[in-house]
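Results of the structural survey
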Amino acid sequence: MPADVDYLRTLLRSFPDYPKKGIVFLDIFPLLRDPVAFETLITHLVHRITSHTIASSPSKKIDVVVGLDARGFLLGPIIAMRLGAAFVPVRKQGKLPGETIRAEYQKEYGVDVFEMQADAIQPGQNVVVIDDLIATGGSAKAAGELVAKLGGKTLEYLFIIELTFLKAAEKLDAPMYSIVKVDD
């Protein structure tokens, strides 16, 4: 494991039985409270995008960074700024002004809806999608559907934490990268 990944992993806090019994919640907020850790996290993700995602893209650029409600908003704008890209938020239904497009996704206890402003992505733009955690992949898949509806191309999905045993990558329409993998 690379030293930066090991460092970031040691700062994640575990909360057993949160938000419900049997779940161990990994808290990313200690990374944000530590300026060196936060810089390490952002630098790691930007390096991944510039050394791998952009390198394998025909246009050699990222046009848009999409951040998922709400923790993707903490990472996305900074990464977009470093890449010279636009930042586009994906929000829960009813939270964005103007004309929006929507995609439904399955949650544990029913269906939820993500929305994106209808003019946020132009046809042909290259997009990366960022969030803190991928579990079942439903919300990331919905974000990818929104990108596709507007004619964008998702090049990669990026996460701090992946719950690998839920096999979310199988649901996505582009490659996925996660820094910390949790197997149980």
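Being a predicted model, the structure only gives us computed values, none of them experimental.

Brief notes about the packing of helix H1 (residues 3-11) against helix H3 (residues 35-53)
Contact pair H1 / H3: the axes reach a minimum separation of 10 Å and the direction vectors enclose 130°. The orientation of H1 with respect to H3, classified from their angle, is oblique. Relative to H3, H1 is oriented so that their crossing is left-handed. Across the interface between the two elements, Asp4, Val5, Tyr7, Leu8 and Leu11 of H1 pack against Val36, Ala37, Thr40, Leu41 and His44 of H3. Partitioned by chemical class, the residues of the contact of H1 with H3 number seven nonpolar, two polar and one charged.

Structural notes on the pattern of salt bridges
What the rule picks out here adds up to nine salt bridges. Among the ionic pairs, Asp63 bridges to Lys61, the shortest N-O distance being 3.0 Å. On the basis of relative accessibility, which here comes to 15%, the residue Asp63 falls in the buried class. Judged by its relative accessible area of 43%, Lys61 is partly exposed. Across the pair Arg91 and Asp69 runs a salt bridge whose closest N-O atoms are separated by 3.3 Å.

Considerations on the packing of aromatic side chains
A complete count under the given rule lists three aromatic pairs for this structure. Aromatic side chains Phe73 and Phe87 sit 6.2 Å apart centroid to centroid with 85° between the ring planes, which places their arrangement in the edge-to-face category. You can see Phe73 sitting in helix H4 (residues 72-83) and its partner Phe87 sitting in strand E4 (residues 86-92), a full 14 residues away along the chain. Phe87 gets classed as partly exposed once you look at its relative accessible area, which sits at 26%.

Reading the values: rules and limits
Residues numbered from 1 in each chain as written. Predicted model: local features only at pLDDT ≥ 70, side-chain atom pairs only at ≥ 80, totals over all residues. Heavy atoms only, no water. Axes fitted to C-alpha atoms, helices over the stretch in contact; angles between N-to-C directions. Helix = DSSP H or I, 4+ residues; strand = E, 2+ residues; numbered from the N terminus. Parallel < 35°, antiparallel > 145°, perpendicular 65-115°, else oblique. Left-handed = near helix turned anticlockwise from the far one by under 90°. Contact = heavy atoms within 4.5 Å. Nonpolar A, V, L, I, M, F, W, Y, C, P; charged D, E, K, R; others polar. Salt bridge = Lys/Arg side-chain N within 4 Å of Asp/Glu carboxyl O. Buried < 20%, exposed > 50% of the residue type's maximum accessible area, 1.4 Å probe, protein only. Phe/Tyr/Trp six-rings, centres within 6.5 Å; stacked < 30°, edge-to-face > 60°.

Taken by themselves, the reported measurements are silent on function.
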